[in-house]
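An overview of the molecular structure
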Amino acid sequence: MITLTPAPKFYQAVQRSVIVVAAAVSLLSCAVLWHYWWQAESVDLQVVEQMPQASLIYDRDGRVLEHFYEENRLLIPGGRVPPSLAAAVIASEDQNFHHHHGVDWTGVFRAAVRNIVPGGSLQGGSTITQQLARNSINRLERTVDRKCLEMFLAWRIERHFSKEQILYHYLNRIYFGRGLHGAETAARAFFGRSTTEIDLHEAALLAGMISAPNAQSPWSNAEAALKARARALRRMLDCGAIGQNEYEAAQGEPLVLRAIPPLIGEFALRDIRVSLAGIVKPGVLMSGGLEVRCTLDSDIQMLAENAVKQLGGEGVAAVVLDARTGAVLALVGGSVYSEDAVNWATRKAPAPPAILTPLWCASLFARQGVSPAARLGPVVAPAVGRPWRIADWMLLEDGQAESVFREALGAEAARFYLELCGVTLPVEWGGETADISLLRMAGLFGVLAGEGHSREPFMVESVRSPGQGWIYQHNPVEKAVFPREIAAQVNRLLLNKTAVFLNGGSSAGDLALRDRVAFYKSAAGGTSHCAVATTSRWVAAVWQTEAAEESGRVAKVTWELAQGVANHLNPGSFAVPASLTTLWLASELPAPMQRWNAVSLMPGQFEDVESAPAMAVEPPAVPQIQKPQKKNFWQRLFGG
């Protein structure tokens, strides 16, 4: 038998080659491992917990009006994931979450086999930690390079954060489709409640849709969403997270989604965003998770928007202002909103005819010391044919009274009081109609309602940053314009106007508000109409700059708005200083304009009453002026 022995040199060469290849592979593997280790170590782990957050805009009652965001994300409150949501997500996404150190090798092997098998679908096999890693560094492509970096970064994240922290950051970061980032945002959007308040079946739906958020969104595909919920509940049952009874009860729950509320206050929110640009640094508003408390009242805002919709057309706006602070309770800048739409509530336009008459009246009282019972001297009212009492102003055509007051006051004094109230006038202004915004107009009437003090309108009350606390608190801007006695005198005259407007007021609502709402509207004529309802607490104003009808429709809508606001905010009664005495004077106007007018007089102003019929309480009826009867011949002869 012949035995062949291999040549020693051949085997030595093979051995050397194997050693060289093994060494090269080892070195290459070490280099690859070092490369990904170094890349993972170079990542600042602050990116895991720092993510853009939406800023929330709250109304005055704490209701969310809007989100301003780069990514629409709200963090789960309390810094901890609710147990039912945690169990649902772990059962659906990573059942070995509490047992691995960032990478589940069983899942990796299973995914690798499916990727290698021809025709198999591409699988990830990523743990919750790995998903958090890739989302934190925004590496979403499906490549081997990304997968390797994701694994190394997952190991590092596991060393730095606890399991509870990892799950918390994961659920705050992941995407739920339709612009919803994070479980808290999704829970509020789908169910109208926080993650701390949702039920088991709702938590299961959120967990089930993570794998395909757009395809399984309950908004667009309720059937797919229910299947995703069922799958999550089955996995929870299989891993012992819930019992059979809980499983069956959750499976039987119907899919009930939050009714999407109408978007309100779009013009106001646009102005709020502009105001915030001067308060916080660029970019912070859209990603800083701010809590912005604004002055809007959602209920009153809806009333104002309905008022504007009733009028429709171009150039229509409505404003409701807190007379005591200047806070804007409602603002509607037009009947249709778009990003480039004109905000007619803040845009200047020529003031409607005679709408500034109450301001001229107060200015006349303050500058010249005249009283509501005084006559205006040589000035003759066209409807009367002789000098008339200021108290009778409410019975005249508004345009007549406006020109009389303004001429008696003079352009220089008119400018002084307008500018004192915050109205900016051109240098060449000579007393004619002023350009003014509806918001500023409401502020002018707010001077009378606010006992003679001008308060700058504002909409941002405070701003809170998650890391810094309250970074802004509104500081009211207030200045005295008229003595409170003069404001009370004009308010009393405006209440007379309310009675004239209501013409007795047949409804209980009208009668209840007659002595608490001072109502005034612009004069007839022209295409710009405005009406203002003033109370001791708030001012409601509506105008239409390009109205096709007379001012009666604007006045009607404004009064209805005032009734709605009064139901929400009790207007109270106007304060009357102790130094004022209220009398009821008989008008001196010819029929049918005769009536009793209430006036509030200061000490020293009673001589203006002269011999006019006057009463200390409201008379029961309009005084009748008796005309002298003609005497016959015998009566004249014998005196009868």
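These remarks concern the structure in this document. (Residues numbered from 1 in each chain as written. Predicted model: local features only at pLDDT ≥ 70, side-chain atom pairs only at ≥ 80, totals over all residues. Heavy atoms only, no water.)

So, helix H9 (residues 200-208)
- Counting buried positions over the 9 residues of H9 gives 9, a clear majority of the element.
- Residues of H9 that are buried include every one of Leu 200, His 201, Glu 202, Ala 203, Ala 204, Leu 205, Leu 206, Ala 207 and Gly 208, and no others.
- Along its buried surface, H9 packs onto helix H3 (83-93), helix H8 (183-191), helix H10 (222-238) and helix H11 (244-251). (Buried < 20%, exposed > 50% of the residue type's maximum accessible area, 1.4 Å probe, protein only. Helix = DSSP H or I, 4+ residues; strand = E, 2+ residues; numbered from the N terminus. Contact = heavy atoms within 4.5 Å.)

Quick look at the packing of H8 against H9
- For the pair H8 and H9, interaxial distance at closest approach is 11 Å and the crossing angle is 120°. It follows that H8 is oblique to H9 by the angle criterion. The hand of the H8/H9 crossing is right-handed. On H9, the residues that touch Ala 183, Ala 186, Ala 187, Phe 190 and Phe 191 of H8 are Glu 202, Leu 205 and Leu 206. (Axes fitted to C-alpha atoms, helices over the stretch in contact; angles between N-to-C directions. Parallel < 35°, antiparallel > 145°, perpendicular 65-115°, else oblique. Left-handed = near helix turned anticlockwise from the far one by under 90°.)

Re the packing of aromatic side chains
- What the rule picks out here adds up to 7 aromatic pairs.
- Note on Phe 519 and Trp 559: the rings are 5.5 Å apart at their centroids and 90° apart in plane angle, and the pair reads as edge-to-face. Of this pair, Phe 519 sits in strand E12 (residues 518-521) while Trp 559 is found in helix H21 (residues 552-568), placing the two residues 40 residues apart along the sequence.
- Residue classification places Trp 559 among the buried residues on the basis of a relative accessible area of 5%.
- Feature note: the residues Phe 190, Phe 191 and Trp 219 constitute an aromatic cluster, connected by ring pairs.
- Over the ring of Phe 68 we find Arg 273, and its NZ or CZ is 5.0 Å from the ring centre.
- Between Arg 367 and the ring centre of Phe 416, over which it is positioned, the NZ or CZ distance is 5.5 Å. (Phe/Tyr/Trp six-rings, centres within 6.5 Å; stacked < 30°, edge-to-face > 60°. Lys NZ or Arg CZ within 6 Å of the ring centre and 35° of its normal.)

Things to note about the packing of H10 against H11
- With their axes 10 Å apart at the nearest point, H10 and H11 run at an angle of 175° to one another. Classified by the angle their axes make, H10 and H11 are roughly antiparallel. Two secondary-structure elements touch here, H10 through Arg 229, Ala 230, Leu 233, Arg 234 and Leu 237 and H11 through Gln 244, Tyr 247, Ala 250 and Gln 251.
- Per-class residue counts for the contact of H10 with H11 are 5 nonpolar, 2 polar and 2 charged. (Nonpolar A, V, L, I, M, F, W, Y, C, P; charged D, E, K, R; others polar.)

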